[in-house]
Amino acid sequence: MHCRRGSSTMEQSTPVEVNIPVSAERTTTEEAAESVKRKSDEAGEAETRGKRRRGAGGKKLRPGERYIPPPQKRNPGVSFCQEHFDETSYYFEGGLRKVHPYYFDFKTYCKGRWIGKSLLEVFKSEFRTESIEYYQRATKEGRIRLNETPVEDLSIVLRVSATEYAVMSQNNDLMKNTVHRHEPPVVGRPLEVLVDDGEVLVVNKPASIPVHPCGRFRHNTVIFILGKERGISELHTVHRLDRLTSGVLLFARTLETSKKLDQLVRDRQLEKEYVCRVEGEFPEGELVSEEPILVVSFKIGICRVDPKGKDCRTVFQRLSFNGKTSVVRCRPLTGRTHQIRVHLQYLGFPILNDPIYGSSAWGPHRGRGGLVGKSNEELLQALEEEHRSQESLHLLDMPGGGIDQEAEKIQTSEKVHLLAVSSEPNRSEESRQIDTRAPTCGSLSGETADKGSHGCTEPGGNKTSSVRPQADSSNGNQTGEPTLKSPPETRDHLCSECKLVRPDPTEKELIMFLHALRYKGPGFEYSTPLPYWAQEDWVEADWS
């Protein structure tokens, strides 16, 4: 290993103003008519020649398709409100924070490639989280809706109107699917607020809790816990921590503070320090790793050292050694996904209980020195097989479809998932799910209606039961005291999760020995005490 100093430069583009002269003799009406004709001609030429449309993300548009730009990023922070927080409630059991199952709308916009296909074909090819039989039963009960209208039959073919362009693509029709959602449990410790001064909010995040909604997690996240238990919302994320990582987590309270901190990040004026416990005797002195890191799977967040990866740099220093394991201080000078974990694996000292980068699925060398001997697809399959045998697939943050779909996606084009929201690292669920209100009432049979739900009215005026379970009064429970278990009314006859009996994860499965110890910048520093497993006198017997 060798040290290398690097410098980064920032280039800013200067906006150019273009003035288009307009003759004073032309009337506004003539100008408008000519403008419309010119745009229509240009669109026709683009369709005829099949050229790439500017701003279409580099994709070649089909005849009749119109490019619809993605929604612009909102200035406010991660904006969830009381309506979202009231979807369900927590209960505590066996040292774990659990979420009562609840009904939720997953949404996707219809794609131009679906034109001419039946909904049955679309679900078979793109929505494979559940079986076709499930979707057919869900359709009969009105759980699948197109533009708020229940779909009556999956044999319906998505056609193009004779008088319009591609209807599904041009109108960007919205498809919704009401599902009975289950969230994995997390540790039941309360969030400790270190600083809340009106400009920043700093918390000591427990391991196992994601920062923001992603994958199977929504209410069991830092953002939702702060909103439900402390009434804190409109937070701006400054940085993120992996779900299994604990420690200092910083949010900006205001947009102005967020911009200042973002600039400090770009200028590399923020210092992060982590502490971890690794296998074996880590070398003394300072050790620098500069191996490039490549993302193998964005969906489940797995990376590996690869020459084609992005440059990164991590500085390590051993703090103690107890004869079997070492406590190591880590200073990442870049911010790649799983950077510390991947570099430690490459060095041959994986984090003691890292469920991914300490796995035997990486081969006999477990990734040391970059020796894997497997393709990305084979690696993903091996990881799934190992965790499936241990009934610990939840540690991979996978949707129900498994890694087999992800491995296939690496070989082919990316598929769209309606039921299983992507757990791509560092992407907020709010950016993908525009409307998180209650499902349309009256769309489900009486068997799925919650007895304690609020009533609501169908468009026709008939009052039915809402499909949402009624929230109880356990929202503010921060003490970890057990409350009532999930009531029987929250069970759903179509839900496969309701039919399964899963053993609760142990604390050992939910905690990884990686902790964000310090976050430092010009004029401020936030830190936590060392976690118990980083103490010099800690031994493995204390953990087993």
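To continue, consider the overall build of the chain. Along the chain, the regular secondary structure elements total 11 helices and 21 strands. Taken over 544 residues, the chain has a buried fraction of 48%. Counted over contacts in the chain with a minimum sequence separation of 6, partners at least 24 positions apart contribute 69%.

Pairing is antiparallel in the open sheet, where 3 strands are placed in the order β1-β2-β7. Of all the strands in the sheet, just β1 (90-93) and β7 (186-187) have a single pairing partner and so form its edges. Alignment of β1 against strand β2 (residues 96-99), held across 4 bridges, turns out to be antiparallel. Its bridge partner being in β2, Tyr 90 is matched across the sheet by Val 99.

All right, on to the environment of Val 211 then. Structurally, Val 211 is set in the loop between β9 (200-205) and α6 (222-230). Note: C-alpha distance between Val 211 and Leu 241 (30 residues apart in sequence) is 6.9 Å.

Within the chain, Ser 208 stands out as a residue other than glycine whose phi angle is a positive 85 degrees. By secondary structure assignment, the location of Ser 208 is in the loop between β9 and α6. Positive phi values are uncommon outside glycine, yet His 338 reaches one of about 55 degrees. Structurally, His 338 can be placed in the loop between β17 (325-332) and α8 (339-347).

Before going further, it helps to examine empty space enclosed by the protein. Within this structure, the stated rule accounts for 6 cavities of 30 Å³ or more. By volume, the largest cavity amounts to about 50 Å³. Every residue lining the largest cavity is listed: Arg 304, Val 305, Val 342, Gln 345, Tyr 346, Trp 362, Gly 367, Gly 370 and Val 372. Among the elements of the structure, β15 (302-305) and α8 are those that each provide at least two residues to the lining of the largest cavity. In terms of residue count, α8 provides more of the lining of the largest cavity than any other element does, 3 residues in total. Here the residues of the lining of the largest cavity sort into 5 nonpolar, 3 polar and 1 charged.

A complete count under the given rule lists 24 salt bridges for this structure. A salt bridge links Arg 113 to Glu 126, with the shortest nitrogen-to-oxygen separation between them at 3.0 Å. In this pair, Arg 113 is assigned in the loop between β3 (102-109) and α3 (119-126) and Glu 126 in helix α3, connecting sequence segments 13 residues apart. The class for Glu 126 is buried, based on a relative accessible area of 4%. Among the salt bridges present, the one from Glu 273 reaches Arg 518, with a minimum N-O distance of 2.9 Å. In this pair, Glu 273 is assigned in strand β12 (residues 271-279) and Arg 518 in strand β20 (residues 514-521), connecting sequence segments 245 residues apart. Accessibility expressed as a relative area gives 24% for Arg 518, which makes it partly exposed.

The next thing to look at is the confidence of the model for the chain. Looking at the chain, the pLDDT average stands at 73 and 64% of residues meet or exceed 70. Note on residues 1-57: pLDDT under 50 across the span, and 34 contacts to partners over four residues away in sequence or across chains. Below a pLDDT of 50 lies the segment residues 398-486, which in the model reaches 221 contacts outside its immediate sequence neighbourhood of four places, other chains included.

Remark on secondary structure: sheet strands pair via backbone hydrogen bonds, oriented parallel or antiparallel. Ordered by their spatial adjacency, 4 strands build an open sheet running β3-β6-β4-β5, and the pairing between neighbours is antiparallel. Edge positions in the sheet fall to β3 and β5 (149-150), since each has one partner strand and no second. Relative to strand β6 (residues 174-181), β3 runs antiparallel, the two being bridged by 8 bridges. Bridge pairing in β6 links Asp 105 to Thr 178.

Moving on to the side chain of Thr 334. Residue position: Thr 334 is located in the loop between β17 and α8. On the basis of relative accessibility, which here comes to 15%, the residue Thr 334 falls in the buried class. Among the polar contacts listed, one links the side chain of Thr 334 to the side chain of Gln 339, at a separation of 2.8 Å. When neighbours within four sequence positions are excluded, Thr 334 is seen to be in contact with Arg 268, Asp 311, Cys 312, Arg 313 and Gln 339.

Attention shifts here to α6. Along an α-helix, residues three or four apart share an orientation, since each turn contains 3.6 residues. Of all 9 residues in α6, 8 are buried, a share of seventy percent or more. Among the structural elements, α2 (82-85), β1, β2, β9 and β11 (246-252) are those in contact with the buried residues of α6. Immediately downstream of α6, the backbone of Gly 231 shows phi near 70 degrees, a positive value.

With that out of the way, let us pick up the environment of Lys 111. Summarising the element assignment, Lys 111 is placed in the loop between β3 and α3. The partly exposed category is assigned to Lys 111, whose relative accessible area is 23%. Residues Lys 111 and Asp 173, 62 residues apart in the sequence, show an inter-C-alpha distance of 8.5 Å. Within the local environment of Lys 111, its side chain forms a polar contact with the backbone oxygen of Tyr 109, the two atoms lying 2.4 Å apart.

With that settled, the discussion passes to the pairing of β15. Of the two faces of β15, both are covered, the one formed by Ile 302 and Arg 304 as well as the one formed by Cys 303 and Val 305. Connecting strand β14 (residues 293-297) to the next strand, β15, in antiparallel fashion are 4 residues, including Gly 301 with a positive phi near 65 degrees.

Further remarks concern the environment of Val 265. Tracing the chain through its elements places Val 265 in helix α7 (residues 255-266). A relative accessible area of 40% places Val 265 in the partly exposed class. Remark: the alpha-carbon pair of Val 265 and Val 238, spanning 27 residues in sequence, is separated by 8.7 Å. Those residues in contact with Val 265, other than ones at most four positions away along the chain, are Leu 270 and Tyr 519.

A few words now on the packing of aromatic side chains. Under the defined criterion, the tally for this structure stands at 14 aromatic pairs. With a centroid separation of 5.8 Å and 90 degrees between ring planes, the pair formed by Trp 114 and Phe 127 is classed as edge-to-face. Highlighted residues: Trp 114 in the loop between β3 and α3 and Phe 127 in the loop between α3 and α4 (132-140), separated in sequence by 13 residues. Since its relative accessible area comes to 1%, Phe 127 is described here as buried.

Of the pairings in the sheet, the one linking strand β13 (residues 286-289) to strand β16 (residues 314-321) comprises 4 bridges and is antiparallel in character. Within the sheet, the bridge partner assigned to Leu 287 lies in β16 and is Phe 316. Taken together, the 7 bridges between β16 and β17 define a ladder with antiparallel strand orientation. Counterpart to Phe 321 in the pairing with β17 is Ser 326.

Rules behind the numbers
Residues numbered from 1 in each chain as written. Predicted model: local features only at pLDDT ≥ 70, side-chain atom pairs only at ≥ 80, totals over all residues. Heavy atoms only, no water. Helix = DSSP H or I, 4+ residues; strand = E, 2+ residues; numbered from the N terminus. Buried < 20%, exposed > 50% of the residue type's maximum accessible area, 1.4 Å probe, protein only. Contact = heavy atoms within 4.5 Å. Pairing = 2+ DSSP bridges. 1 Å grid on protein atoms, 1.4 Å probe; cavity = no way out; pocket = protein on both sides within 12 Å on 5 of 7 lines; lining within 4 Å. Points joined across faces, edges and corners; volume = space filled by probe spheres on them. Nonpolar A, V, L, I, M, F, W, Y, C, P; charged D, E, K, R; others polar. Salt bridge = Lys/Arg side-chain N within 4 Å of Asp/Glu carboxyl O. pLDDT = per-residue confidence, 0-100. Polar contact = N/O pair within 3.5 Å; in protein donor to acceptor, adjacent residues only side chain to side chain. Phe/Tyr/Trp six-rings, centres within 6.5 Å; stacked < 30°, edge-to-face > 60°.

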